[in-house]
Amino acid sequence: MNFDKPTNKEQISAARERLSSLEKEGKYVFHGSYERVETLEPRQAGGHDEETGRYETDGEPAVFASTYADCAIFRSLIHGKESENAMGIDNADRLHFTADRILMERAKDKIGYVYVLEKSIFGDFKGMDCRSPETVHPIEVIEVTSGDLPKDIQIIG
């Protein structure tokens, strides 16, 4: 997603170019993290439920990934529970991202890690996400910086 040729003022990084190539192959999924690890362990997902007002878990523990490299890039650099950020996909399979100014500023000084994972070991594909209940060993780990973030992030706050 969002891997069109850069305009004459933009330069595409080697990391973004590599991720674009892997995404187009369709054999991989991507997991983004601010931590460098050797293996990805299943974790419990969850979040605030608008209806109940409580924290609710989401299924069984799993390693979460996306078929979209942009989601992994975003997640590896934009994170923090005290600040607002979100990503989603619409009915036309267009990704959208939002983040507050604080997180965007923090991202400028960070390095993120995008883990390239074998798609065949993942299941439960829903929208932009998929899950594996097993520990996953990355095929490749690609370092990304704020210059690799999707260009159309909506800044809030």
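Everything below is about the structure shown above.
The structure displayed is predicted, hence computed values, not measured ones.

Asker: Would you explain the overall build of the protein chain in this entry?
Answerer: Helices and strands together make up the secondary structure of the protein chain, namely 3 helices and 11 strands. Overall, the protein chain shows an N-to-C arrangement of helices and strands of α-β-β-β-β-α-β-β-α-β-β-β-β-β. Here the protein chain holds 157 residues, and 37% of them are scored as buried. A fraction of 70% describes how many contacts in the protein chain between residues 6 or more apart in sequence connect residues 24 or more apart. Carbon and sulfur atoms make up 47% of the accessible area of the protein chain, which amounts to about 9,500 Å² in all.

Asker: Can you walk me through the packing of aromatic side chains in this structure?
Answerer: Each aromatic ring pair is specified by the distance between its two centres and by the angle formed by the two planes. Tallied over the full model, the rule gives 1 aromatic pair. With centroids separated by 4.9 Å and ring planes inclined at 40°, the aromatic side chains of Phe74 and Phe97 adopt a geometry described as tilted. A residue pair is termed long-range when its members are at least 10 positions apart, and Phe74 in helix H2 (residues 69–77) and Phe97 in strand E6 (residues 95–100) qualify at 23 residues. By relative accessible area, Phe74 is classed as buried at 0%. A relative accessible area of 1% means that Phe97 is categorised as buried.

Asker: Even after reading the chapter, I still don't get helix H1 (residues 14–25), so can you show me in this structure?
Answerer: Each full turn of the α-helix corresponds to 3.6 residues, which orients residues three or four apart in the same direction. When the terminal C-alpha atoms of H1 are compared, their 17 Å separation across 12 residues agrees well with the 16 Å that a helix rising 1.5 Å per residue should span. In this structure, the buried residues of H1 make contact with strand E1 (28–33), H2, strand E7 (112–118) and strand E10 (140–144). Looking one or two places after H1, you find Gly26, whose phi comes out positive at around 75°.

Asker: What should I look at first to understand the pattern of salt bridges in this one?
Answerer: Proximity of charged atoms lets side chains of opposite charge pair with each other. A full pass over the atoms with the stated rule returns 7 salt bridges. A salt bridge links Asp90 to Arg94, with the shortest nitrogen-to-oxygen separation between them at 3.0 Å. As a salt-bridge pair, Lys126 and Asp124 come within 3.5 Å of each other at their nearest N and O atoms. Asp124 sits in the partly exposed class, given a relative accessible area of 41%. Within this structure, Asp124, Lys126 and Arg131 form a network of salt bridges that share partners.

Asker: Hey, could you run me through the nonpolar core in this one?
Answerer: Considering soluble globular proteins, one finds that nonpolar side chains tend to be buried as a cluster. If you look at the biggest cluster of nonpolar residues, it comprises 26 residues, and the most contacted ones within it are Leu19, Phe30, Ile78, Val144 and Leu149. Those elements that place two or more of their residues in this core are H1, E1, H2, E6, helix H3 (101–107), E7 and E10. With residues up to four places along the chain from it excluded, the contact list for Phe30 reads Leu19, Leu22, Glu23, Ala65, Ser66, Thr67, Tyr68, Ala69, Ala72, Val114, Tyr115 and Val116.

Asker: So what exactly am I meant to see when it comes to the environment of Arg131 here?
Answerer: Relative to the helices and strands, Arg131 is located in strand E9 (residues 129–132). For Arg131, a relative accessible area of 18% gives the class buried. Arg131 sits 10 residues away from Ile121 along the chain, and the two C-alpha atoms are 8.8 Å apart. Sequence-distant contacts of Arg131, that is, excluding residues within four places in its chain, are made with Asp58, Gly59, Glu60, Ala62, Val63, Phe64, Phe122, Gly123 and Asp124. For Arg131, the side chain forms a polar contact with the side chain of Asp124, separated by 3.5 Å.

What counts and what doesn't
Residues numbered from 1 in each chain as written. Predicted model: local features only at pLDDT ≥ 70, side-chain atom pairs only at ≥ 80, totals over all residues. Heavy atoms only, no water. Helix = DSSP H or I, 4+ residues; strand = E, 2+ residues; numbered from the N terminus. Buried < 20%, exposed > 50% of the residue type's maximum accessible area, 1.4 Å probe, protein only. Contact = heavy atoms within 4.5 Å. Areas by Shrake-Rupley, 256 points an atom, 1.4 Å probe, with all protein chains shown as cover. Phe/Tyr/Trp six-rings, centres within 6.5 Å; stacked < 30°, edge-to-face > 60°. Expected span 1.5 Å × (residues − 1). Salt bridge = Lys/Arg side-chain N within 4 Å of Asp/Glu carboxyl O. Core = buried A, V, L, I, M, F, W, Y, C linked by side-chain atoms within 4.5 Å. Polar contact = N/O pair within 3.5 Å; in protein donor to acceptor, adjacent residues only side chain to side chain.

Limitation: the analysis is restricted to geometry and does not speak to function.
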